[in-house]
Structures are given as structure tokens and as C-alpha cells.
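Residue strings, one per chain:
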Amino acid sequence: MFLAPRSLKMASLAAGLTLATPLLFAQAFDAVRLYGAAPGSDGGTVGAAAIATRQYQGSDERRNLLFPLLDYQWKNGWFAGTTNGIGINFSKRPDLDYGLRLTADLGRDQSRSSALKGMGDIDAKLEFGGFFNYAVNRQMVLTSSLRYGSGNNSRGMLLDLGAAYALELAPQWRLGLGAAATFANAEYQQSYFGVDAVQSLNSGYAVYTPGTGLRDVRANVSLTYQLNPRTAITTAVSFSSLQGDAQDSPLTRQRNSATGIVAVSYGF
């Protein structure tokens, strides 16, 4: 990822969580990643990512995607893009990001998999939320975000907590390591992992009512090669494991999964 002199405060975030994390599980916007612009200036990134993932969380069927990457941030704190949503960063400190934003829950179509037949579609919904990131040092960043508005009744809520570590292997090579966990409320869990009476009748699954709790934990590793000061190639592998009521859902065919990504980005 192109990293202009932004005091390196988000260097570990860009390299550690990479572009991969929000895309791998078709649950975008898990953390805010602000990078690419020097302090007091505008800037952004553009590119594309090839992703090998699953049809839905808990699926045992593969899905390949090509995703456009476009993110921009203004010197007044506003930002917009495909990985961060639309929002504002109120912080003026180099080691801190916090603010508000709008994102989107991408929903789920029952036609995506035979395992979802009779479950009905989950429409895409607008989410409202906030974020808080803290750079412990030049290598490590702690991230958090809260999103509300997803699911069938638009009352689903997700709390994402993560950490990322970046290590410069050579002038053009950067290794990133990341870990994250997502907690979900009962409304979100019911939409994506539950089965109500109507769905049970249509799908043949037994009625299942999950509760609030830990949805999944994730770990990833990435390697970024800087072709030139503005262009980079990132490869990443992420491992995910559903937890609690999500893993016990009748829709969960595979609890653990690995996903890969190759992304090319250009900073401007």
C-alpha cells in the first residue's frame, strides 16, 4: 500500500490488516484504515483486488471476486471509499484516529448457495457507527469500530476489535500480521445465523435462535512489495473461525476457513 509521509501512524494497519480483512468475509468496513495522505493534505489510493473467499460466512463453497479499490481522504478529516465508507476523523494527533462514519452491510442472497434455499434474502442496509484507532508505536496499531443498522430488521450491531503489526523486511518489502474479533448482537445473529418458523418451514432446518456474543475470530498475514513510491502489490492470507452460536447454526457447513487476496494499488 502506498504510504505517503503520514507520520507512519497507520503503517502497521495498512500492512497488517491490509485491504484483505474487510473483503474476505463479505462483511466490509470492520475497521477504518486511513493512509495515503500526508498530514495537512489530500490524498488517496486506487486499485483492484482479486479475492478467493466463501459464498457466505459458514459456507463450504468457494467464491472468487474482483473488487475495485478507491479511497480518498481530505485534510479537513473527511474520507470516503470502498474500504472505509463515508465519515470524518476528528483527531489531529498522529497516533490517534476517531470519528463517525456511514457504511453498508452488503446483505446476502439465498441464490448464492443451495444451503440457503428457503432462507430468503437479506437486503443491503445502511449502517451508522464510530471508530477508534490507536498507534501503540510505529509498528503496532489497535483498532475498534461499532456499526449499527444491518440485518432483516435493521437493528443488527457489530463491535470489531483488532490489532495489526507491520515489519519492514527490506526497503521495498513489508510484512504484516493482524488479528481481530467481531461481537454481534442477537438481531444480527438471527438474520445471518438464525432460522425462524417461516424459514424452518421453507428450508427444512430446525428453528434456531442465536443470542448475542462473539461471532468470529480472525488472523491474517500479508506481504507488500513497493514497485515504486506510489504503486504496490499486496498478497494476503486470512484465517477465520466462527464462534459461539454462529458456529452452531444449521447454516454453518464449515466453521474454519482460509481466504486469499492479491491487490494492486496506486497512491495519488
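Residues numbered from 1 in each chain as written. Predicted model: local features only at pLDDT ≥ 70, side-chain atom pairs only at ≥ 80, totals over all residues. Heavy atoms only, no water.

A. Up close: the overall build of the protein. Of the regular secondary structure elements, the protein holds five helices and twelve strands. Buried residues in the protein amount to 51% of all 268 residues. Taking as baseline every contact in the protein between residues at least 6 positions apart, the subset at least 24 positions apart corresponds to 60%. Surface accessibility of the protein: about 11,400 Å² in total, with carbon and sulfur atoms responsible for 62%. (Helix = DSSP H or I, 4+ residues; strand = E, 2+ residues; numbered from the N terminus. Buried < 20%, exposed > 50% of the residue type's maximum accessible area, 1.4 Å probe, protein only. Contact = heavy atoms within 4.5 Å. Areas by Shrake-Rupley, 256 points an atom, 1.4 Å probe, with all protein chains shown as cover.)

B. The arrangement of unusual backbone geometry in detail. Here the phi dihedral of Ser154 falls at roughly 60°; this positive angle occurs in a residue that is not glycine. Assignment of secondary structure puts Ser154 in the loop between β7 (140–150) and β8 (156–170). The exposure class of Ser154 is partly exposed, given its relative accessible area of 31%.

C. Spatial organisation of the sheet that holds strand β4 (residues 85–89). Pairing in this closed barrel of twelve strands is antiparallel, and the strands run β1-β2-β3-β4-β5-β6-β7-β8-β9-β10-β11-β12 around the ring. Here the strands of the sheet are splayed against their neighbours by 20° on average, with no regard to which way each runs. Taken together, the eleven bridges between strand β11 (residues 231–242) and strand β12 (residues 256–267) define a ladder with antiparallel strand orientation. Counted as the bridge partner of Ser238 is Thr259 from β12. (Pairing = 2+ DSSP bridges. Axes fitted to C-alpha atoms, helices over the stretch in contact; angles between N-to-C directions.)

D. Summary view of the environment of Thr224. Looking at the element boundaries, Thr224 is found in strand β10 (residues 213–226). Each C-alpha atom, one on Thr224 and one on Thr234, is 4.3 Å from the other, the two residues being ten residues apart in sequence. Side-chain polar atoms of Thr224 contact the side chain of Thr234, separated by 2.9 Å. (Polar contact = N/O pair within 3.5 Å; in protein donor to acceptor, adjacent residues only side chain to side chain.)

E. Highlighting the pairing of β10. Relative to β10, strand β9 (residues 173–184) runs antiparallel, the two sharing twelve bridges. Bridge pairing in β10 places Ala180 opposite Arg218. Inspection of the sheet shows β10 paired to β11 by eleven bridges, in the antiparallel sense. Pairing of Ser222 across the sheet is with Ala236, part of β11.

F. How the structure looks around the confidence of the model for the protein. Averaged over the protein, the pLDDT score is 87; the fraction of residues at 70 or greater is 87%. Mean pLDDT across the elements of the protein bottoms out in helix α1 (residues 11–16) (39) and peaks in helix α3 (residues 186–193) (98). When the criterion is pLDDT under 50, residues 1–27 qualifies, and its contacts beyond four places in sequence or with other chains add up to 127 contacts. (pLDDT = per-residue confidence, 0-100.)

G. Representation of the packing of aromatic side chains within the structure. Scanning the entire structure with this criterion turns up six aromatic pairs. Between the aromatic rings of Phe79 and Phe131, the centroid separation amounts to 5.8 Å while the plane-to-plane angle is 70°, which identifies the pairing as edge-to-face. Placement of Phe79 in strand β3 (residues 78–81) and of Phe131 in strand β6 (residues 125–135) is noted, with a sequence separation of 52 residues between them. Grouping residues by exposure puts Phe79 and Phe131 together as buried. Measuring from ring centre to ring centre gives 4.6 Å for Trp173 and Tyr225, while their planes differ by 45°; the resulting arrangement is tilted. Linking Trp173 in strand β9 with Tyr225 in strand β10, this pair joins segments that are 52 residues apart in sequence. Here Trp173 falls in the partly exposed class, since its relative accessible area comes to 37%. Grouped by ring-pair contacts, the aromatic residues Tyr72, Trp74 and Phe268 constitute a single cluster. Sitting over the face of the ring of Tyr56, Arg108 holds its NZ or CZ atom 5.8 Å from the ring centroid. (Phe/Tyr/Trp six-rings, centres within 6.5 Å; stacked < 30°, edge-to-face > 60°. Lys NZ or Arg CZ within 6 Å of the ring centre and 35° of its normal.)

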